[in-house]
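# Understanding the architecture of this molecule
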Amino acid sequence: MGLSGGRYRLLMPLLLLLACLQRGTGLERIRYMPQLASPTLAGTLTQTTFTLEQPRGQFSHFNISDLDAIWLVVARSNATQSFTAPQRAEDIPAPADFTRRGYYLTLMARRSLYPGNQPGNQLRVLRVGNDTSCLPARRGCNAPLPGPGPYRVKFLVMSDRGPVAETEWSSETRLQQAVALQAAPGPQSAGTVVIIAILSVLVAVLLTALLALLIYTCYDTCGSTPISGPEQPVCVRRYDTHHVISPPAVGGS
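Within each chain, residue numbers correspond to sequence positions counted from 1 in written order. Residue-level local features of this predicted model are given only where pLDDT is at least 70; pairs of side-chain atoms are given and counted only at 80 or more, and the full residue set underlies all totals for whole chains, interfaces and linings. Excluded from the side-chain calculation are hydrogens and water; included are all heavy atoms of the structure.

Naming follows an unreviewed UniProt entry, where the protein appears as Uroplakin-3b-like protein 2 of Ursus maritimus.

## Some details on the overall build of the protein
Counting secondary structure elements, the protein contains 3 helices and 7 strands. In DSSP terms, a helix is any run of H or I states spanning at least four residues, a strand is any run of E spanning at least two, and both are numbered starting from the N terminus. Secondary structure elements of the protein occur, N-terminal to C-terminal, as α-β-β-β-α-β-β-β-β-α. Residues counted as buried form 28% of the 253 residues belonging to the protein. By definition, residues are in contact when any of their heavy atoms lie within 4.5 Å. The contacts of the protein with a sequence gap of at least 6 include a subset with a gap of at least 24, amounting to 69%. Residue-level accessible areas treat just the shown protein chains as cover; the underlying method is Shrake-Rupley with a 1.4 Å probe. Per element, the accessible surface of the protein, about 18200 Å² overall, is 60% carbon and sulfur. With a 1.4 Å probe rolled over the protein chains alone, any residue whose accessible area is under 20% of its type maximum counts as buried; one over 50% counts as exposed, and the rest are partly exposed.

## Quick look at the sheet that holds strand β6 (residues 151-159)
The 5 strands lie next to each other as β1-β7-β6-β3-β4, forming an open sheet whose pairing is mixed. The open sheet has two edge strands with one neighbour each: β1 (28-30) and β4 (103-109). Strand after strand, the sheet turns through a mean of 30 degrees between neighbouring axes, direction not considered. The pairing of strand β3 (residues 69-76) with β6 spans 8 bridges and is antiparallel. In the sheet register, I70 faces β6, and the bridge partner there is V157. At least two bridges found by DSSP between two strands are what make those strands a pair. As a rule, the C-alpha atoms of each element are fitted with a line to give its axis, helices using only the stretch in contact, and angles between N-to-C directions run from 0 to 180 degrees.

## Notes on the UniProt feature "transmembrane region" (unreviewed entry) in the protein
UniProt positions are given in the numbering used here, feature names are shortened, and annotations may be inferred rather than shown by experiment. According to UniProt, the feature "transmembrane region" (unreviewed entry) maps to residues 193-216 in the numbering used here. What you have in residues 193-216 is 100% helix and 0% strand, and the ends, taken at the C-alpha atoms, are 35 Å apart.

## A word on unusual backbone geometry
That bond from G149 to P150 is cis: its omega, 10 degrees, falls within 30 degrees of zero. Residue position: P150 is located in the loop between β5 (125-128) and β6. Despite not being glycine, L107 has its phi angle at roughly 50 degrees, a positive value. On the accessibility criterion, L107 (21% relative accessible area) is partly exposed.

## Considering the nonpolar core
F50, F59, V74 and L145 are the most contacted members of the largest nonpolar core, which totals 23 residues. Mapped onto this core, the elements with two or more residues apiece are β2 (50-53), β3, β4, β5, β6 and β7 (162-167). When residues of this core are assigned to their parent elements, the largest contribution, 4 residues, is made by β6. Apart from residues no more than four positions distant in its own chain, L145 is found in contact with T48, T49, F50, V74, Y104, V128, G129, Y151 and L175. To define a nonpolar core, start from buried Ala, Val, Leu, Ile, Met, Phe, Trp, Tyr and Cys residues and group those joined through side-chain atoms within 4.5 Å.

## Points about the state of the cysteines
Only a pair of cysteine sulfur atoms within 2.5 Å counts as a disulfide in this structure description. One pass over the structure, following the stated rule, counts 1 disulfide. C134 shares a disulfide with C141; S-S distance 1.8 Å. In this structure the cystine formed by C134 and C141 twists about its S-S bond by roughly 60 degrees; its chirality is therefore right-handed. By the burial criterion, C134 is buried, and C141 matches it.

Shown next as structure tokens:
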């Protein structure tokens, strides 16, 4: 019994040292999974953005201070295994690095923006990919997402000394895709062909009648030889001159 107690006293400082080292270098795991906003919210999923619920009250742990930066990590679904938390602010990947690394950090905030009992009149969502004016090479840029995905996200807390805590990865999110309009497949039905043929014949008959009416009207109105003027030809109707016969003289001398 005394021997066991002695061993325990010898191991206690080593265990405390290991615990301190783990707290100083390891990441605290926050049991929270980011969630998409309610489907009833307009624009929850678009072709370049998706909307998350705010992680309210998830960063009240003792080793997270009010000055620590809370980043959103956006990654391709197949790049989550290769994600490595940056150790310095200078190492934070920007959206321009997404093609090469498969992930980047955006939407930096402080935990004061995610209180547990947030007033109901404040915005409670985060729209990822909503900033069309920022430069993708700038750290923290919330640039539009480059493709349909799938994407997975998580929150990463960083202090001046490096990463502090992180949440779980979200489930996969796929963006909307544009659908090209296509003509109805297959040949047209026999009834449609007959209707088109009848309409074509009727249009041809109508045009022929209108042309004949136009020719007849011009011939009836302009039956004489046109008289050329300085501006345009003018048509006059042909007529016969009637000879006027003087009546015989009445009476004589």
